[in-house]
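Observations on chain architecture
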Amino acid sequence: MAAGLVDLRSDTVTRPTAAMRESMMAAPLGDDVFGDDPTVNALQDKLAGLLGFEAALFMPTGTQSNLCAVLAHCGRGDEYIVGQMQHCYRWEAGGAAVLGSVQPQPIAHQADGTLALADIEAAIKPDDPHFARSRLLALENTLGGQLMPMEWLRAACGLAASHGLGRHLDGARLFNAAVAQAEGLESDALAEARRIAASFDTVSVCFSKGLGAPAGSALCGSRELIARARRIRKMAGGAMRQSGMLAAAAAYALDHHVERLAEDHALARRLAEGLAGIEGVQALPPHTNIVFVELQAAARERAGALLEHLAQRGVLATGLYKLRFVTHLDVDVAGIDRAVAAVREFFEA
Ligand SMILES: *Cc1c(COP(=O)(O)O)cnc(C)c1O
């Protein structure tokens, strides 16, 4: 990160560490389109094994991973049921509809980010020529940094399965969820990641977020679903060549950057607690590494001015009415304290 900057815009802004770069430089390489990049193959096997799937496929981005998943589950004229605020509905330029002729059926979230089971059930269409064919339920964990309750994930997936629907998890931040879930249990993050994944037919994870790799995601599933996803990835232009250089960074992240996500979560709590004492600001208590901050009515129109004030002091965040601060590998306690001080200065000056 540029010297002196506290970049809290996203956990995607991290630069690979020196050790991660070394592992990238040392990676044995081949041509992954021929299936002979050993580093890509090893990463795919490693992730599939960790999460309890038959197969995995390395992807350039999480967006493409979700797209390949939806299109592997659904054909033209099918639909997928999804939350209004989920990435694979709202934030992917309508890809499933544009590129796959798959109709999204979005559902409003409850206050805790879940989808009401009754809403999911009501959205599943009967087999009738008037309707698109309901084929897939897509969920997300974490959702906006919120940990989704295990019992709900299981119940929602069980409901979908009982209607013959597939289940896809957008687990861009699955390992943040797993680390948060393991806290206070006699468990560890990898065991929790596997437990979360167990309700789903496909799971997508991002290496480029909190795990700190420069790029890359992966989709896990059965051999059959992953074979379909491989064809769609090719069609979408995402089949890379000596991508072992990127896969090496991802493998390094799985070995070294999972448990440490707890540090990012602790920094997020420190930020929220620091902001809690400031008049006009309400920081929602974070489950993981994302802190949403609401400005009280009187301060709302000053959101833009606040972001500018922070940027002038080398603290970057995003948002409009709700500001978003994301912690990651490249921020530390001093940076968080600087962010809090800069917000305080804005409101108390
Ligand atoms: C970032 C993100 C994605 C997409 O990842 P890209 O690599 O940016 O395409 C998908 N889902 C969620 C929940 C994300 O946060």
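Here is what the cut-offs are and how they apply
Residues numbered from 1 in each chain as written. Predicted model: local features only at pLDDT ≥ 70, side-chain atom pairs only at ≥ 80, totals over all residues. Heavy atoms only, no water. Helix = DSSP H or I, 4+ residues; strand = E, 2+ residues; numbered from the N terminus. Expected span 1.5 Å × (residues − 1). Buried < 20%, exposed > 50% of the residue type's maximum accessible area, 1.4 Å probe, protein only. Contact = heavy atoms within 4.5 Å. UniProt positions renumbered as here; feature names shortened; annotations may be inferred. Pairing = 2+ DSSP bridges. Axes fitted to C-alpha atoms, helices over the stretch in contact; angles between N-to-C directions. Salt bridge = Lys/Arg side-chain N within 4 Å of Asp/Glu carboxyl O.

Section: helix 7 (residues 150-162)
Taking 1.5 Å of rise per residue, 13 residues should cover 18 Å, and helix 7 covers 18 Å from first to last C-alpha, within 8% of that figure. Within helix 7, burial applies to M150, W152, L153, A156, C157, L159 and A160. Looking at the packing, one finds that the buried side of helix 7 touches helix 6 (117-123), strand 5 (133-140), strand 6 (166-171), helix 8 (174-182) and helix 9 (189-197).

Details of the UniProt feature "domain: Aromatic amino acid beta-eliminating lyase/threonine aldolase" (unreviewed entry) in the chain
The UniProt entry lists residues 7-297 under the feature "domain: Aromatic amino acid beta-eliminating lyase/threonine aldolase" (unreviewed entry), expressed in the numbering used here. This span, residues 7-297, is 43% helix and 17% strand, and a straight line between its end C-alpha atoms measures 26 Å.

Some remarks on the sheet that holds strand 12 (residues 318-319)
Strand order in the open sheet formed by four strands is 9-10-13-12, with antiparallel pairing between adjacent strands. Across the chains shown, the open sheet's two edge strands, defined by having one partner strand only, are strand 9 (281-283) and strand 12. Here strand 10 (residues 290-295) runs beside strand 13 (residues 322-326); their pairing, made up of five bridges, is antiparallel. By the bridge assignment for strand 13, E294 is matched with K322. Sheet strands touched by helix 13 (residues 303-312): strand 10, strand 12 and strand 13. Its angle to strand 13, the strand with the most contacts, is close to 25 degrees.

As for the pattern of salt bridges
Oppositely charged side chains can form a pair if their charged atoms are brought close together. Within the structure shown, the criterion is met by 16 salt bridges. The residue R173 makes a salt bridge to D11 at a minimum N-O spacing of 2.8 Å. Of this pair, R173 sits in the loop between strand 6 and helix 8 while D11 sits in the loop between strand 1 (6-7) and helix 1 (18-26), and the two are 162 residues apart along the sequence. Exposure remark for R173: the relative accessible area of 11% places this residue in the buried category. Put simply, E192 and R195 hold a salt bridge, and the shortest N to O gap is 2.9 Å.

What about helix 8?
With nine of its nine residues buried, helix 8 lies for the most part within the structure. Among the residues of helix 8, L174, F175, N176, A177, A178, V179, A180, Q181 and A182 are the ones counted as buried. Where helix 8 terminates, the next one or two residues include G184, which has phi positive at roughly 85 degrees.

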